[in-house]
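If you want the building blocks of each chain, they are given just below.
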Amino acid sequence: MKLITVTRNTKQEKRFTQKMGMLYTNVTYIKKAIFGIIPITTIHKYRETYYGKVKDCDQCVLSK
């Protein structure tokens, strides 16, 4: 059994962009976890655009 594992989860979230306004998109979180159960930190989160391009979630504003 590994002590620290890396997990990847995808959830649908509501995001806001200046050009498109409000949109629902799939956001993928990459997290470190102890024993695969207890999450420690989020390493990276990203989303895929309508056109298939991958963007970092820091470019979106969560609230207007």
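Residues numbered from 1 in each chain as written. Predicted model: local features only at pLDDT ≥ 70, side-chain atom pairs only at ≥ 80, totals over all residues. Heavy atoms only, no water.

Visitor: Go over unusual backbone geometry with me, naming the residues and quoting the values.
Guide: For residues besides glycine, phi is generally negative; the peptide bonds are generally trans as well. Even without glycine at this site, Phe35 takes up a positive phi of about 60°. Mapped onto the elements, Phe35 comes out in the loop between β2 (21-34) and β3 (38-48). (Helix = DSSP H or I, 4+ residues; strand = E, 2+ residues; numbered from the N terminus.)

Visitor: Give me the lowdown on the sheet that holds β2, citing residues and values where you can.
Guide: Spatially, β1-β2-β3-β4 is the arrangement adopted by the four strands of the open sheet, whose pairing is antiparallel. For this open sheet the edge positions go to β1 (4-17) and β4 (54-56), each flanked by a neighbour on one side alone. For this sheet, the mean angle separating the axes of adjacent strands, direction not counted, is 35°. (Pairing = 2+ DSSP bridges. Axes fitted to C-alpha atoms, helices over the stretch in contact; angles between N-to-C directions.)

Visitor: Summarise the packing of aromatic side chains; cite the residues concerned and give the values.
Guide: Scanning all chains against the criterion turns up zero aromatic pairs. Sitting over the face of the ring of Tyr29, Lys31 holds its NZ or CZ atom 5.5 Å from the ring centroid. (Phe/Tyr/Trp six-rings, centres within 6.5 Å; stacked < 30°, edge-to-face > 60°. Lys NZ or Arg CZ within 6 Å of the ring centre and 35° of its normal.)

Visitor: Requested: an account of the environment of Arg8, with residues and values cited.
Guide: Mapped onto the fold, Arg8 is located in strand β1. For Arg8 and Lys32, which are 24 residues apart along the polypeptide, the C-alpha to C-alpha distance reads 9.0 Å. In contact with Arg8, not counting residues within four places along its chain, are Thr28, Tyr29, Ile30 and Tyr46. (Contact = heavy atoms within 4.5 Å.)

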